[in-house]
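What the coordinates show
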Amino acid sequence: MTILVTGGAGFIGSNFVLDWVEQVGEPVVNLDALTYAGNRANLAALAGDARHTFVHGDICDRALVDRLLAEHRPRAIVHFAAESHVDRSISGPAEFMRTNVTGTFTLLEGARAHWGGLQGAEREAFRFHHVSTDEVYGSLAPDAPAFTEDHPYEPNSPYSASKAASDHLVRAWHHTYGLPVVTTNCSNNYGPFHFPEKLIPLMIVNALAGKPLPIYGDGQNVRDWLYVRDHCSGIRAVLAGGRLGETYNIGGWNEKTNLEIVHTVCDLLDELKPDAAGSYRRLITYVKDRPGHDRRYAIDARKVERELGWRPAETFDTGIRKTVRWYLDHTDWVQQVQSGAYRDWVSQQYGAERRA
Ligand code: NAD
Ligand code: DAU
């Protein structure tokens, strides 16, 4: 009973593969193009484990997708592979359209051809699980109710527009062809192996290096944070019991402003690795806002709880403490991902023109 995971060398995908092998124990075929965000070191714990097969390749390569489906006959595809960083989508949207839209289309067509040839129990069991984001719903006013699954799609960035497009393709392949799909729309994840271009890991690694902690705009934008392993258990629950063609919102019930997040990270570092120069809060620096910056996201995760009994196991306090400790214990991983390409991104993104 193999599953095919796409993007399983990235942040959430690698946590999912590790979680799946630990919790379910079934074999995983992991298709990943190893872009700047993909890292085989995330999967080092599975070296020599016959349950994990890594395939270096592109989800836009239909012949490869067809070959993997024919060879491994997976009972499910769990689709994480994407370009995922909003700021990169603003400075270079083309790759987002290719991977997130054309890549999802290619996988859907591969899955449709494969599923069309299955029979009996194998056909009945097959699932296409599309991993998506709360950003497709747009931005919430401060006191508006959290996003339910019925919230209209109002994507605001090239990234969220590309994810919204992929969600619509998945919906249409179910509606038109009957492909057995489920979609999850999740809030902001954090935890181990999070690439330090995103808020929480960037703040941790910059603080430890004594560098400025860049806060976009007024720091009052709100995100709903979920520990990554809770996202993984949510995906397992939906894959196992989600109704076909349905979408499920997954979130942490943890709305925080960016400034609150950065204060928490600084305070934990002050406790766990005090700096003789004083509190890490001294490094907080306000910079020019992200163009089109969504003000607030919040997930109403009652449907997945009601139907499937899923709730997050971590509170924000326990999850963020584990995360900060993980970065303190894995400075080798941080050094490895901060390659030349990473430095180019940081100087492009936070260079002179960004300073407030
Ligand atoms: P990530 O950027 O850390 O990882 C993406 C992975 O996809 C990388 O391993 C990369 O090499 C791979 N990839 C990119 N293009 C590919 C291609 N053409 N073919 C094959 N592999 C390719 O992303 P993440 O943060 O782990 O997000 C995973 C998924 O979850 C994405 O679909 C994202 O939209 C969604 N999501 C992320 C969050 C979050 O907070 N990070 C929240 C909700 C949903
Ligand atoms: O909501 C789910 C989404 O969360 C996922 O779909 C995306 O893949 C993921 O990247 C994330 O998007 P965000 O844009 O919310 O995450 P990011 O970590 O880039 O930014 C979080 C908030 O912090 C956002 O309001 C922008 C702000 N920020 C970010 C960076 C990198 C800063 O203030 N300074 C920074 O340097």
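Since the structure is predicted, the reported quantities are computational estimates derived from the model, not experimental observations.

A closer look at the site of ligand 2
Around ligand 2 lies a shell of 24 residues, among which Asp134, Tyr159, Arg290, His293 and Tyr350 are the nearest. A distance of 2.6 Å is found between an oxygen atom of ligand 2 and a side-chain nitrogen or oxygen belonging to Tyr159. Protein coverage of the free-state accessible area of ligand 2, which is 700 Å², stands at 95%. Here the residues of the shell around ligand 2 are counted per class, giving 10 nonpolar, eight polar and six charged.

A word on helix α8 (residues 228-241)
Note that an α-helix has 3.6 residues per turn; residues three or four places apart therefore point the same way. Over its 14 residues, α8 extends 20 Å from the first C-alpha to the last, a length consistent with the 20 Å expected when each residue adds 1.5 Å. Most of α8 sits out of view: 10 of its 14 residues are buried.

A word on the packing of aromatic side chains
Inspection of the entire model under this criterion finds 19 aromatic pairs. Between Phe96 and Tyr159, the ring centres sit 6.3 Å apart and the planes meet at 85°, which makes this aromatic pair edge-to-face. Of this pair, Phe96 sits in helix α4 (residues 94-116) while Tyr159 sits in helix α6 (residues 158-177), and the two are 63 residues apart along the sequence. Assigned by exposure class, Phe96 and Tyr159 land together as buried.

Notes on the environment of Val131
Relative to the assigned elements, Val131 resides in strand β5 (residues 127-133). Distance in space between the C-alpha atoms of Val131 and Cys186 is 7.9 Å, their sequence separation being 55 residues. In this structure, Val131 is in contact with Val78, His79, Phe80, Lys163, Thr184, His231 and Ile235, ignoring residues within four places of it in sequence.

What counts, and at which threshold
Residues numbered from 1 in each chain as written. Chains lettered and ligands numbered in written order. Predicted model: local features only at pLDDT ≥ 70, side-chain atom pairs only at ≥ 80, totals over all residues. Heavy atoms only, no water. Near = heavy atom within 4 Å. Polar contact = N/O pair within 3.5 Å; in protein donor to acceptor, adjacent residues only side chain to side chain. Areas by Shrake-Rupley, 256 points an atom, 1.4 Å probe, with all protein chains shown as cover. Nonpolar A, V, L, I, M, F, W, Y, C, P; charged D, E, K, R; others polar. Helix = DSSP H or I, 4+ residues; strand = E, 2+ residues; numbered from the N terminus. Expected span 1.5 Å × (residues − 1). Buried < 20%, exposed > 50% of the residue type's maximum accessible area, 1.4 Å probe, protein only. Phe/Tyr/Trp six-rings, centres within 6.5 Å; stacked < 30°, edge-to-face > 60°. Contact = heavy atoms within 4.5 Å.

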